[in-house]
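One letter stands for each residue in the lines below.
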Amino acid sequence: MKNLIFGIMLLTAPVVFGQFKISGEIKNYSEKPVMVRMNKGAGDKLVNRVETDKNGKFSINIPQKYSGIVSLTNLQRSSAIEVLTDNEDVDLTATYAPDGSFKEIVFKKGANAIGFQNYQNFQNLNDLKNNIFPLLKSQYDPGDEFYQAVTKEETRISKLNPAVSLPLLKYYSQVSELANTQVDNKSTAEIYTNKILSRLSRDNDYLEGSGYLSTLVLNYFRYSIIGATSQEEINSTVEKEIDHLLDVSDIETPRGQNVLSAIFMVLPKEQFGSILEKYYSKANDLTCEITDELRSNLAAHNMTVGNKVPDIKFKEAVKGFKSLYDVKANQKIIIFWASWCPACRDEMPFIKEYYQNFKKEGGEIVAISLDFDQNEFKNATKDFDWINYTELSQWDTQGVEEFGVSSTPTLFLVDKDNKLIKKASHISELLETK
């Protein structure tokens with residue numbers, strides 16, 4: 001009997017201990033979306049979307065263990081409420097201001113969330129003390145009332161000591177300080193590259209949760225090339241340091257793959273494309289299980305003529321089709337667009353005209369909309385007879401990362417086997433493929 005009970009406890013433990021809830025109330029934000037993002041690797045990922053009720057209240061269940069920053073944003077991602085949680089319930093209140101920002105944020109539950117807000121407030125005040133107050137005081141005599149008031153506030157801020165004793169909060173404060181340190185000389189740079197290497201090789205997943213992994217990788221390269229005098233020397237150093245980073249973090253592990261994803265993110269292809277190609281090849285040759293983020297990076301990189309494009313699984317069937325691959329045609333044009341995009345609105349009449357003959361010849365169009373308003377989407381697509389799909393998630397829409405879409409409209413012409421024929425920005429560019 002004891003063994004049976006123990007077995008049941010093991011089965012239920014991930015559910016009991018791996019789930020927490022973030023709830024709250026946002027004034028002036030009734031029946032609007034809250035986009036929930038979590039740091040999963042080199043960057044953050046959209047993990048949920050909830051709607052506030054008529055009073056601005058919301059509740060989000062996180063069904064997995066997580067320690068780090070959870071960002072609650074509006075749909076446009078123009079403002080965010082940052083929540084630090086160590087797998088603990090959080091309750092908050094806020095106000096949505098006319099300028100589209102979240103203000104008056106107060107955490108009522110969640111020790112790390114409350115401590116994080118106090119820490120941020122202290123950092124803001126400390127920044128004022130170190131960078132703004134000296135400028136203000138330089139405009140006044142020491143005997144002036146305002147000068148003395150500023151001096152008094154400097155003293156008050158210096159005595160503040162926000163508690164960072166909680167393990168996650170303490171970790172966050174330390175890695176934040178490392179990520180935001182400015183280094184401009186070679187001797188200091190070596191000290192900080194070693195500190196970064198230590199974090200990348202020894203830290204647990206607090207590092208990914210902090211959102212600072214990519215910043216640390218970028219800083220590592222910045223510090224490594226201090227003193228380099230030519231592009232050739234920079235390239236040689238960068239390649240050597242990439243090898244060192246991947247050796248220290250181990251590309252066969254999730255941490256190593258997160259570091260590699262960060263490398264792809266922070267190093268511009270325009271400058272380091274030939275070097276990065278070597279590491280895309282290494283990643284493509286991996287036989288171990290790879291992270292979702294690295295898989296998306298590889299899918300976008302592999303979007304070359306002759307390669308099969310990624311499938312897109314529709315969350316709801318469209319005209320009976322459940323996915324992109326489910327649509328059978330001699331050729332397909334996959335369009336990423338949005339009704340809010342002026343260039344898309346200009347392009348759609350030409351696409352509509354092109355579609356008439358394209359359909360007769362056995363072709364089909366699958367239009368993936370990056371819209372966020374259901375009514376706008378319906379109005380924009382009411383005269384389009386092709387397959388129209390949207391998740392109302394803007395740039396978080398499925399397929400954007402995998403197809404490497406960075407602007408709208410972007411068109412992909414594929415054959416009956418979903419292999420890429422051509423990528424284009426205008427339908428006229430596809431005429432020559434006929």
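Please read these numbers as outputs of a predicted model, since none were measured by experiment. (Residues numbered from 1 in each chain as written. Predicted model: local features only at pLDDT ≥ 70, side-chain atom pairs only at ≥ 80, totals over all residues. Heavy atoms only, no water.)

K.L.:
Honestly, the packing of helix 7 (residues 213–224) against helix 9 (residues 254–266) in this entry has me stumped. Any pointers?
P.N.:
To describe two helices that pack against each other, one gives the angle between their axes and the distance between the axes. Contact geometry of helix 7 with helix 9 gives a least axis separation of 9 Å together with a crossing angle of 65°. Viewed along their axes, helix 7 and helix 9 adopt a mutual orientation that is roughly perpendicular. Taken as a pair, helix 7 and helix 9 cross one another with a handedness that is right-handed. For the pair helix 7 and helix 9, the contacting residues are Leu213, Ser214, Val217, Leu218 and Phe221 in the first and Arg255, Asn258, Val259, Ala262, Ile263, Met265 and Val266 in the second. Within the contact of helix 7 with helix 9, the residues separate by chemical class into nine nonpolar, two polar and one charged. (Axes fitted to C-alpha atoms, helices over the stretch in contact; angles between N-to-C directions. Helix = DSSP H or I, 4+ residues; strand = E, 2+ residues; numbered from the N terminus. Parallel < 35°, antiparallel > 145°, perpendicular 65-115°, else oblique. Left-handed = near helix turned anticlockwise from the far one by under 90°. Contact = heavy atoms within 4.5 Å. Nonpolar A, V, L, I, M, F, W, Y, C, P; charged D, E, K, R; others polar.)

K.L.:
When you look at the pattern of salt bridges in this model, what are you seeing that I'm missing?
P.N.:
Once the charged atoms of two side chains with opposite charge are near each other, the side chains can pair. One pass over the full model with this rule turns up 18 salt bridges. The shortest N-O distance in the salt bridge between Glu401 and Lys45 comes to 2.9 Å. Within this pair, whereas Glu401 is found in the loop between strand 13 (387–390) and strand 14 (410–415), its partner Lys45 is found in strand 3 (residues 44–51), the two being separated by 356 residues in sequence. Across the salt bridge formed by Lys282 and Asp243, the nearest N and O atoms sit 4.0 Å from each other. Residue Lys282 is located in helix 10 (residues 269–284), and its partner Asp243 is located in helix 8 (residues 231–249); the two are separated by 39 residues in the primary sequence. Lys282 sits in the partly exposed class, given a relative accessible area of 40%. In the salt-bridge network here, residues are joined through shared partners; they are Glu239, Asp243, Lys278 and Lys282. (Salt bridge = Lys/Arg side-chain N within 4 Å of Asp/Glu carboxyl O. Buried < 20%, exposed > 50% of the residue type's maximum accessible area, 1.4 Å probe, protein only.)

K.L.:
It is not clear to me how the layout of surface pockets should be interpreted in this structure. Could you clarify?
P.N.:
Its boundaries defined by the atoms lining it, the second largest pocket holds a volume of some 560 Å³. Around the second largest pocket, the lining comprises 20 residues; the ones closest to its centre are Met265, Asn297, Ala300, Glu401 and Gly404. For the lining of the second largest pocket, the secondary-structure elements that each account for two or more residues are strand 3, helix 9, helix 10 and helix 11 (292–301). At five residues, helix 11 tops the list of elements feeding residues into the lining of the second largest pocket. (1 Å grid on protein atoms, 1.4 Å probe; cavity = no way out; pocket = protein on both sides within 12 Å on 5 of 7 lines; lining within 4 Å. Points joined across faces, edges and corners; volume = space filled by probe spheres on them.)

K.L.:
Any chance you could explain the side chain of His301 here in plain terms?
P.N.:
With respect to the secondary-structure elements, His301 resides in helix 11. Note on His301: relative accessible area 18%, which makes it buried. Those residues in contact with His301 that lie beyond four places of it in its chain are Lys269, Glu277 and Tyr280.

K.L.:
So what exactly am I meant to see when it comes to the pairing of strand 2 (residues 33–39) here?
P.N.:
Remark: a regular strand shows side chains that alternate across the two faces of the sheet. Burial analysis of strand 2 places seven of its seven residues in the buried class, which makes it a mostly covered element. Neither face of strand 2 is exposed, since Pro33, Met35, Arg37 and Asn39 on one face and Val34, Val36 and Met38 on the opposite face are all buried. In textbook terms, the turn of a hairpin is the stretch between consecutive antiparallel strands, and for strand 2 and strand 3 this stretch comprises four residues. (Pairing = 2+ DSSP bridges.)

K.L.:
Is there a simple way to think about unusual backbone geometry in this case?
P.N.:
Of all residues except glycine, most have a negative phi; of all peptide bonds, most are trans. The omega torsion across Thr408 and Pro409 is -5°, close enough to zero to call that bond cis. Here Pro409 shows up in the loop between strand 13 and strand 14. The backbone phi angle of Arg77 is positive, close to 60°, even though this residue is not glycine. Looking at the element boundaries, Arg77 is found in the loop between strand 5 (67–73) and strand 6 (80–86). Here Arg77 falls in the partly exposed class, since its relative accessible area comes to 42%. For Asn418, which is not glycine, the phi dihedral falls at a positive 65°. Tracing the chain through its elements places Asn418 in the loop between strand 14 and strand 15 (420–424).

K.L.:
Would you explain the nonpolar core in this entry?
P.N.:
Note on soluble globular proteins: their nonpolar side chains tend to be buried together. Formed by 51 residues in total, the largest nonpolar core has its most connected members in Val217, Phe221, Ile242, Leu245, Leu260, Ile263 and Leu267. Beyond its immediate stretch of four places on either side in the chain, Val217 contacts Leu200, Leu245, Val259, Ala262, Ile263 and Val266. In terms of nonpolar packing, the next biggest core, distinct from the first, is built from 40 residues, Ala338, Tyr355, Leu411 and Leu420 among them. (Core = buried A, V, L, I, M, F, W, Y, C linked by side-chain atoms within 4.5 Å.)

K.L.:
Help me out: how do you make sense of helix 7 in this one?
P.N.:
Counting along an α-helix, one turn takes 3.6 residues, and residues three or four places apart therefore face a common direction. Spanning twelve residues, helix 7 covers 17 Å between terminal C-alpha atoms, matching the ideal 16 Å at 1.5 Å per step. Counting buried positions along helix 7 yields nine of twelve residues, so the element is predominantly enclosed. Those residues of helix 7 that fall on the buried side of the exposure criterion are Leu213, Ser214, Leu216, Val217, Asn219, Tyr220, Phe221, Tyr223 and Ser224. Summarising the contacts, the buried residues of helix 7 are in contact with helix 4 (167–179), helix 5 (186–202), helix 6 (206–210), helix 8 and helix 9. (Expected span 1.5 Å × (residues − 1).)

K.L.:
Teacher, can you tell me more about the sheet that holds strand 3 here?
P.N.:
Read across the sheet, four strands follow the order 3-2-5-6 without closing on themselves; strand pairing throughout is antiparallel. Two strands bound the open sheet, and with one partner strand each, they are strand 3 and strand 6. Put simply, the sheet's adjacent strands are angled 25° from each other on average, direction ignored.

K.L.:
Would you explain the sheet that holds strand 15 in this entry?
P.N.:
Within a beta sheet, neighbouring strands are joined by backbone hydrogen bonds and run either parallel or antiparallel to one another. In space, the five strands of this open sheet follow the order 13-12-11-14-15, with mixed pairing throughout. Lying at the two open borders of the sheet, with one neighbouring strand each, are strand 13 and strand 15. Strand-to-strand twist in this sheet, taken as the mean axis angle between neighbours without regard to direction, amounts to 15°. As paired strands, strand 11 (residues 331–337) and strand 14 are joined by six bridges and run antiparallel to one another. Residue Gln331 lies in a different strand from strand 14, and its bridge partner there is Asp415. Seen against the sheet, helix 13 (residues 374–381) touches strand 11, strand 12 (363–369) and strand 13 and runs at an angle of roughly 165° to strand 13.

K.L.:
When you look at the packing of aromatic side chains in this model, what are you seeing that I'm missing?
P.N.:
The geometry of an aromatic ring pair is captured by the separation of the ring centres together with the interplanar angle, meaning the angle of the planes. Taken as a whole and judged by the stated rule, the model has 20 aromatic pairs. Note on Tyr119 and Tyr172: the rings are 6.5 Å apart at their centroids and 90° apart in plane angle, and the pair reads as edge-to-face. Taken together, the residues Tyr119 in helix 2 (residues 111–137) and Tyr172 in helix 4 connect sequence positions 53 residues apart. Across the pair, exposure class does not vary: Tyr119 and Tyr172 are buried alike. (Phe/Tyr/Trp six-rings, centres within 6.5 Å; stacked < 30°, edge-to-face > 60°.)

K.L.:
How should I be thinking about the pairing of strand 9 (residues 313–318) in this particular structure?
P.N.:
The pairing of strand 9 with strand 10 (residues 321–323) spans two bridges and is antiparallel. Within strand 10, the position partnered with Lys313 by the bridge is Ser323.

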